[in-house]
Structures are given as C-alpha cells and as structure tokens.
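Residue strings, one per chain:
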Amino acid sequence: MARVGARCSGVELANRESRSSWRDFLSGLKQRGLFGVEFVVSDDHEGLKAAIREVLPGAVWQRCYVHFLRNALDYVPRKVDDDCLQELRWIYDRRDLAEVRRDIAQWLAKWQAKYPKLCDWAEDNIEETLTYYRLPLAHHKHMKSTNMLERLNQEIKRRPHVVRIFPNMESCLRLVRALVVETHENWLEGTRYLNMQHLVEHKKEALRQAA
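Everything quoted here is computed from the prediction, not taken from an experiment.

**Q** Mind showing me how you'd approach the overall build of the chain here?
**A** A count of helical and extended segments in the chain gives 10 helices and 2 strands. Mapped in sequence order, the helices and strands of the chain form the string α-β-α-β-α-α-α-α-α-α-α-α. With the principal axes as the frame, the chain shows a C-alpha extent of 60 × 50 × 30 Å. Within the chain, the proportion of its 211 residues that are buried is 41%. Across the chain, the fraction of contacts at a sequence separation of at least 24, relative to all contacts at a separation of at least 6, is 60%. With 35 positive and 30 negative side-chain charges, the chain shows a spacing of 4 Å between the two charge centroids.

Structure, rendered in structure tokens:
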C-alpha cells in the first residue's frame, strides 16, 4: 500500500489501512519535518480519520465531496432517472456557506419523501464536506476533494503496470519513490497549486472581523 503526503511526500508499505499503519505513516512525516498542518482532506476512512486526530490534532478535517457523492449512490435505487444527485452535486459550486446551507435545506425538503434514506444520511454527514468554506475562495476548488492525490495515485498504479515484473519489492518501491519525488518537486517549483498568500489575507480578514 503506497501512501503520499502532499507537502512532505512519503511512500511506505503496510499490510492494511489500519489506524496504526496510518498513525505510523503520519508520525514518520512529522519526524521528517512536516509541521503546521491546518487542513486535511481525505475520504471517510475510520482508521485514517483516527490517525489524523491523534497525530495532527491541530488540523481540521475535510471529507472529500467526490467520495461523499459516490457514497450517496448506496442510498438510492441503482437507476436514478431524476435530478436528485445532480442537484446535490451543484451545491458544492456555491461560493458562500450561508447559501450552501439554504440550498441543502431546500434539497432535503424536495427529496425527503422520495429518498428518505438518502436524505437522512446526507443530513447526518454533509457537514463534514463543508469544511473547505473556512478557506479563501481561491482554494475551494482544490481543497474540497482529494482529486489531486487521486490523479497521483492513478499515475503510481500505471507506472508499475508498464514495467509489469520487478525482481523484488525494493525495485518497485524505488520506481514509486522516484515518481513521488518528481511530483513533489513539481508541486514546489512548477505551477503553483495553491497561492498561500490568499490564505494569509484570509486569516488577516478573519482577525479584523473578530476584533
């Protein structure tokens, strides 16, 4: 199992995605210099969430909205021929949290009778997908999902398939680590994925409003 941390990259092997394996992975990143983590995006994996709370207690957690929408499919019939799920998806394009909450209430009222299981589940869990509204607007697109890491994971899966046969596990890990290092350098030196000045100004504005 290969896992990648976005700001301080790392690759490790683990037999399963347990709380302890994720805890060891995150602790290893901290030991290698990861600090000041304020925001974490992931799917709704209980072991990972527990490890985040334990190792990165100062960080707020964002449930990936793409995974959330996929999970929603478990609460509707296999063939949904109306706009229910599309309207739920559109909620995440809103710019303002107050508007989002209003749209959620309207969505729940509209679909509760037809899809009660879906609406009950969404009402209980959707708040976890709205943490990104704490961030500046310019960061919303990138930080409301794990799409960036999903693309990297797809590339990690693709490269070993091209080679097909490795003489040993270490040779496979060398390939994956080289890819992670290359990607990490691109994130640092290439096209800037997030302009952190937006976050600085966002924090300053929050302090001014609180004063």
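**Q** Is there a simple way to explain the nonpolar core in this structure?
**A** Across soluble globular proteins, you tend to see nonpolar side chains buried next to one another. Formed by 32 residues in total, the largest nonpolar core has its most connected members in Phe68, Leu88, Tyr92, Ile104, Trp107 and Leu118. Counting only elements with at least two residues in this core, the list comes to β1 (39-42), α3 (65-72), α4 (84-90), α5 (97-111) and α6 (116-125). Apart from residues lying up to four places away in sequence, Trp107 is in contact with Cys84, Glu87, Leu88, Ile91, Leu118, Cys119 and Ala122.

**Q** Just checking my understanding: could you explain the packing of aromatic side chains for this structure?
**A** Aromatic ring pairs are defined here through the distance separating the ring centres and the angle between the ring planes. Counted by the stated rule, this structure contains 6 aromatic pairs. Between Phe68 and Trp121 the ring centres are 4.5 Å apart and the planes differ by 15°, which places this aromatic pair in the stacked class. Here Trp121 lies in helix α6 and Phe68 lies in helix α3, a separation of 53 residues in the sequence. With relative accessibility at 10%, the residue Trp121 sits in the buried group.

**Q** What is the right way to look at the pattern of salt bridges in this model?
**A** A side chain of one charge can pair with a side chain of the opposite charge when the charged atoms of the two come close. Using the criterion set out here, one finds 18 salt bridges in the structure. The closest approach of N and O atoms between Arg94 and Glu99, which form a salt bridge, is 3.7 Å. Using a relative accessible area of 26% as the deciding quantity, one classes Arg94 as partly exposed. Taking the relative accessible area as the measure of exposure, Glu99 reaches 27% and is therefore partly exposed. A salt bridge links Arg177 to Glu170; its shortest N-O distance comes to 3.2 Å. A relative accessible area of 40% means that Glu170 is categorised as partly exposed. Salt bridges here are not isolated pairs; linked through shared partners, they connect Asp44, Glu46, Lys49, Arg63 and Glu128.

Rules of the game
Residues numbered from 1 in each chain as written. Predicted model: local features only at pLDDT ≥ 70, side-chain atom pairs only at ≥ 80, totals over all residues. Heavy atoms only, no water. Helix = DSSP H or I, 4+ residues; strand = E, 2+ residues; numbered from the N terminus. Buried < 20%, exposed > 50% of the residue type's maximum accessible area, 1.4 Å probe, protein only. Contact = heavy atoms within 4.5 Å. Lys, Arg positive; Asp, Glu negative; His and termini not counted. Charge placed at Lys NZ, Arg CZ, Asp CG, Glu CD. Core = buried A, V, L, I, M, F, W, Y, C linked by side-chain atoms within 4.5 Å. Phe/Tyr/Trp six-rings, centres within 6.5 Å; stacked < 30°, edge-to-face > 60°. Salt bridge = Lys/Arg side-chain N within 4 Å of Asp/Glu carboxyl O.

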